[in-house]
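Given next are the chains, with one letter for each unit.
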Amino acid sequence: IIMAVSQTGDPTGSWYRYGFTYSYGIPDYPKFGIWPDGYYMSANAFSSGSLNYSGTILAAFERSKMLIGATAQTVTFTRSAASTWTLLPSDWNGGTVPPAGAPNYFAQMHEAGWYGGSDGVDIFSFTANWTTPANSTLTGPVLIPTTAFSQLTSGIPQQGTTQLLADMSDKLMNRLDYRNFGTYQSMVACHTVNAGSGRAGVRWYEFRNTGSGWSLYQQGTYAPADGLHRWMGSIAINASGQILIGYSVSSSSMFPAIRYTGRYSSDPIGQMTITEETIHQGTGSQTGGLDRWGDYTQMSVDPNGSNFWYINQYQPSTGSFNWRTRI
């Protein structure tokens, strides 16, 4: 793993560079979360050569050292291929710091057909001990049951082509967004589900912790009855408790577009009440045998604690390897 940390607030300036070596095979689909005591990472490991899935890596990197360019330690745990797939580390979203000593939280989609029990989200707790790294701990998972869901069995259609796009409905989508509101902590997450008849919709959650562990506060599936597929979502919560979800939208009669919806903290729970708007309408479909659609997108909150920023892809014209990025 090659990492770089900016030496100042200027991203065009100098950076500290680090390299960390793993013996767990090829790390794929890495995700990062910032926490007061470290940078936390998850990745799926595949054995070299055969590329067989061999489990999930959960790693912590010594942030305080990396910020000053000093020698940094790392702590790593692995989970078996039978029990984990595509974990997300919690990403502290500014404002009040997490409670002193709070672990970083990792989450994964828990589909009953894979792991047994009921559908839901698994939460792991990762505590890095930088004084004695061998005393670091990874506990869990704790299953938080949710409304039942199912994956899609086919891809996402596009206008003017039989090429389907990967729905990526087998995993939580980037990011596991964390914010501390003082009287409670909040995490939001989303993933793609079968909203009925093989049509993609965005399932979203808000988990809260008032001091006695995480529980499901609210959930919903955003899939208006208009025949469109909504997938590749990303969700974030700002300092006022407002939640926004960005995602891709497509169908056999439209080119993939970028849209968003959201809710205010005073809205009835479980509902996205902000009228859906189009950020950018693509003017082409992705062809050439390419089914992967960016793999993930990102909704972020500005350091001012209010404004949201979203990044996703679109096609300016029908073709392959000609996508564009919209911020």
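Draft legend 1. Expanded view of the sheet that holds strand E17 (residues 229-237). Strand order in the open sheet made by the four strands is E17-E18-E19-E20, with antiparallel pairing throughout. One side of each edge strand has no neighbouring strand; the edge strands of this open sheet are E17 and strand E20 (274-281). Neighbour-to-neighbour, the strand axes of this sheet turn through a mean angle of 25°, independent of strand direction. Note that E17 and strand E18 (residues 243-251) share seven bridges and pair antiparallel. Within E18, the residue paired with isoleucine 237 across the bridge is isoleucine 243.

Draft legend 2. Seen up close, empty space enclosed by the protein. For the coordinates displayed, the defined rule picks out one cavity of 30 Å³ or more. Taken as a whole, the largest cavity encloses approximately 30 Å³ of empty space. Taken together, Lys31, Phe32, Leu88, Pro89, Asp91, Asn174, Arg175 and Leu176 make up the lining of the largest cavity. Counting residues per element, the ones that place at least two in the lining of the largest cavity are strand E3 (26-35), strand E7 (88-92) and strand E13 (173-180).

Draft legend 3. Region of interest: the pairing of strand E12 (residues 161-165). By the bridge criterion, two bridges tie strand E11 (residues 156-158) to E12 in an arrangement that is antiparallel. The partner of glutamine 158 across the bridge, within E12, is threonine 161.

Draft legend 4. Expanded view of the nonpolar core. Ranked by internal contacts, the top residues of the largest apolar core, which has 31 residues, are Ile123, Phe126 and Trp214. Mapped onto this core, the elements with two or more residues apiece are strand E5 (53-62), E7, strand E8 (104-110), strand E9 (120-127), strand E10 (137-145), E13, strand E14 (185-194) and strand E15 (200-209). If sequence neighbours within four positions are ignored, isoleucine 123 has contacts with Tyr105, Phe106, Ala107, Gly140, Pro141, Val142, Ile144, Met187 and Trp214.

Procedures and definitions
- By convention here, each chain's residues receive numbers from 1 onward along its written sequence.
- Only residues with pLDDT of at least 70 get local features here, since the model is predicted, and only at 80 or more are side-chain atom pairs given and counted; chain-wide, interface and lining totals rely on the full set of residues.
- Note that the side-chain values use all heavy atoms of the structure and ignore hydrogens as well as water.
- By this definition, two strands are paired if DSSP reports at least two bridges between them.
- The helix count covers DSSP runs of H or I at least four residues long, the strand count covers runs of E at least two residues long, and both are numbered beginning at the N terminus.
- Axes, fitted as lines to C-alpha atoms, cover a helix only where it is in contact. Angles between the N-to-C directions of the axes lie from 0 to 180 degrees.
- With a 1 Å grid laid over protein atoms only, a set of points is called a cavity when a 1.4 Å probe fits there but cannot get out and a pocket when it is open yet has protein on both sides within 12 Å along at least five of seven lines; lining residues have an atom within 4 Å of a point.
- Grid points are joined across faces, edges and corners, and a volume is the space filled by probe spheres set on the points.
- Buried residues of nine kinds, namely Ala, Val, Leu, Ile, Met, Phe, Trp, Tyr and Cys, make up a nonpolar core once their side-chain atoms join them within 4.5 Å.
- Burial here depends on accessible area, computed with a 1.4 Å probe over protein chains only, as a share of the maximum for the residue type. Under 20% is buried, over 50% is exposed, and the range in between is partly exposed.
- Residues count as neighbours in contact if any of their non-hydrogen atoms are within 4.5 Å of one another.

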